[in-house]
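Overview (structure and organization)
Chain by chain, the residues run as shown.
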Amino acid sequence: MASIVKGAVPSPNIWNAPAVYELENHAVDPDRRVESAMRALRPWTGATVLDIGCGTGYHLPALALEASSVIGVEPHGDLAALARRRCARVPNVTVHTAAAQEIPLPDHSVDVAMARWAYFFGPGCEPGLAELSRVVRKGGAAFVVDLDATRGSFGRWFQATVPTYSPEAVEAFWARQGWSRQELDLRMVFERRADLEAVLKIEFAHTVAKAAIRETEGLELAYPNILRWRLF
């Protein structure tokens, strides 16, 4: 059984199906809109970058091409081990098995922190946000990328799977925290139909996934997201 850091919020997709989630990572945002939006606010060339909830480390090598140092934090021990293996030959990447609530870094040591579809879901995440305030230095930025559950088929399928999720409560939470937001119209584009269907099956409840597969034609999905950020 994998070692899980205390306080970790379970992730039912990547924790249970990392190989399928790898396909999802590969499919998401071929237009690189997330990256462009973050860069416009705070580039990371020569910076120290923190990837919170880095999973198997999918984004770490690309970040390391420009950043001076990249740190991945992942609470699932097996996934963190995969991230270390992926980056074994990338000298400026370090991966810690740790939670967002207890980041093992000194105060004010990070220029850019980012979490893509990981941890910062709204009420209850205040300890993780406090850690960002501790580790990000003046002139830095923190980014959170997450699904917009109020838009499109993807949002509708998500709300059918997690009926207790309240987009209104989440928006109120972020407004209280003083973060800014930008809607992003992303896409997922797959190479094979089987991969698209496998991803829908790990993202949604069984009956919802079956309906989503029936509704979706071809190899592409609209994926409405929100980029949230704070400048320090």
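Let us look at the structure shown here. (Residues numbered from 1 in each chain as written. Predicted model: local features only at pLDDT ≥ 70, side-chain atom pairs only at ≥ 80, totals over all residues. Heavy atoms only, no water.)

1. Thoughts on helix 8 (residues 193-203)
The condition is simple: Buried residues are those whose accessible area, probed at 1.4 Å on protein chains only, stays under 20% of the maximum for their type, while exposed residues exceed 50% and partly exposed ones sit between those limits. Helix and strand definitions follow DSSP, with helices as H or I runs of at least four residues and strands as E runs of at least two, each counted in order from the N terminus. Read the arc as the range of directions from the helix axis to the C-beta atoms. Residue contacts are counted whenever heavy atoms from the two residues lie within 4.5 Å of one another.
The set of residues buried in helix 8 consists of D195, L196, V199, L200, I202 and E203. Down the axis of helix 8, the buried set is contained in an arc of 165°. They therefore lie on one face. Looking at the packing, one finds that the buried side of helix 8 touches helix 1 (18-27), helix 6 (152-161), strand 6 (180-189), helix 9 (206-215) and strand 7 (220-231).

2. Quick look at the packing of aromatic side chains
Put simply, the rule reads: The criterion for an aromatic pair is that two Phe, Tyr or Trp rings (for Trp, the six-membered ring) have centres within 6.5 Å, with stacked assigned to planes under 30 degrees apart, edge-to-face to planes over 60 apart and tilted to the rest.
Overall, the coordinates contain nine aromatic pairs when judged by the stated rule. An angle of 80° between the planes, with centres 4.7 Å apart, marks the rings of Y119 and F120 as edge-to-face. A relative accessible area of 10% means that Y119 is categorised as buried. For F120, a relative accessible area of 2% puts it in the buried group. Three or more aromatic residues link up through ring pairs in this structure, and these residues are W117, F154, W157, F204 and Y223.

3. Describing the sheet that holds strand 3 (residues 93-97)
For clarity, the cut-off: Strand pairing follows a simple DSSP-based rule, namely that at least 2 bridges must link the two strands. Whenever a helix is involved, its axis is fitted only over the stretch in contact; in every case the axis is a line through C-alpha atoms, and angles between N-to-C directions fall within 0 to 180 degrees.
Pairing is mixed across the open sheet formed by seven strands, whose spatial order is 3-2-1-4-5-7-6. Each of the sheet's edge strands pairs with one partner strand only, and the pair in question is strand 3 and strand 6. Strand-to-strand twist in this sheet, taken as the mean axis angle between neighbours without regard to direction, amounts to 20°. Sheet analysis places strand 2 (residues 69-74) next to strand 3, joined by five bridges and oriented parallel. If you follow I71 over to strand 3, its bridge partner there is T94. Where helix 2 (residues 33-41) meets the sheet, it contacts strand 4 (110-116), strand 5 (136-147), strand 6 and strand 7, and its direction lies at approximately 155° from that of strand 6. Against the sheet, helix 6 makes contact with strand 5, strand 6 and strand 7, and its axis sits at roughly 80° relative to strand 7, the strand it touches most.

4. Structural notes on the environment of I71
Note that I71 resides in strand 2. Assessed through its relative accessible area of 7%, I71 is described here as buried. Once the C-alpha coordinates of I71 and V208 are considered, the two residues, 137 residues apart in sequence, prove to be 36 Å apart. Setting aside residues no more than four positions away along its own chain, I71 makes contact with T48, V49, L50, D51, T94, H96 and L105.

5. Observations concerning the pairing of strand 1 (residues 48-52)
Of all five residues in strand 1, five are buried, a share of seventy percent or more. Burial along strand 1 is two-sided: the face carrying T48, L50 and I52 and the face carrying V49 and D51 are both buried. Sheet analysis places strand 1 next to strand 2, joined by five bridges and oriented parallel. Each bridged residue has a counterpart across the sheet, and for T48 the counterpart in strand 2 is S69.

6. Topic: the layout of surface pockets
Stated formally: Throughout, the protein atoms alone are placed on a 1 Å grid, and a set of points is a cavity if a 1.4 Å probe fits but cannot get out or a pocket if it is open with protein on both sides within 12 Å along at least five of seven lines; lining residues have an atom within 4 Å of a point. Grid points are joined across faces, edges and corners, and a volume is the space filled by probe spheres set on the points. Amino acids outside the nonpolar list (Ala, Val, Leu, Ile, Met, Phe, Trp, Tyr, Cys, Pro) and the charged list (Asp, Glu, Lys, Arg) are all regarded as polar, and Gly is one of them.
Its boundaries defined by the atoms lining it, the largest pocket holds a volume of some 970 Å³. In terms of lining, the largest pocket is formed by 45 residues, of which the most central are S11, N13, W117, A118 and F121. Broken down by secondary-structure element, the contributors of at least two residues to the lining of the largest pocket are helix 1, strand 1, strand 5, helix 6 and helix 8. A per-class count over the lining of the largest pocket returns 27 nonpolar, 12 polar and six charged.

7. Observations regarding the pattern of salt bridges
To keep it simple, the criterion reads: Salt bridge, as applied in this entry: a Lys or Arg side-chain nitrogen positioned within 4 Å of an Asp or Glu carboxyl oxygen.
For the coordinates displayed, the defined rule picks out 19 salt bridges. With a shortest N-O distance of 2.9 Å, R187 and D31 are connected by a salt bridge. Of this pair, R187 sits in strand 6 while D31 sits in the loop between helix 1 and helix 2, and the two are 156 residues apart along the sequence. The class of D31 is partly exposed, set by a relative accessible area of 35%. Across the pair R193 and E197 runs a salt bridge whose closest N-O atoms are separated by 2.9 Å. Taken together, the residues span about one helical turn, with R193 and E197 both in helix 8 at a distance of four residues. For R193, a relative accessible area of 26% corresponds to the partly exposed category. By sharing partners, the salt bridges in this structure join D148, R151, E171, R181, E183, D185 and R228 into a single network.

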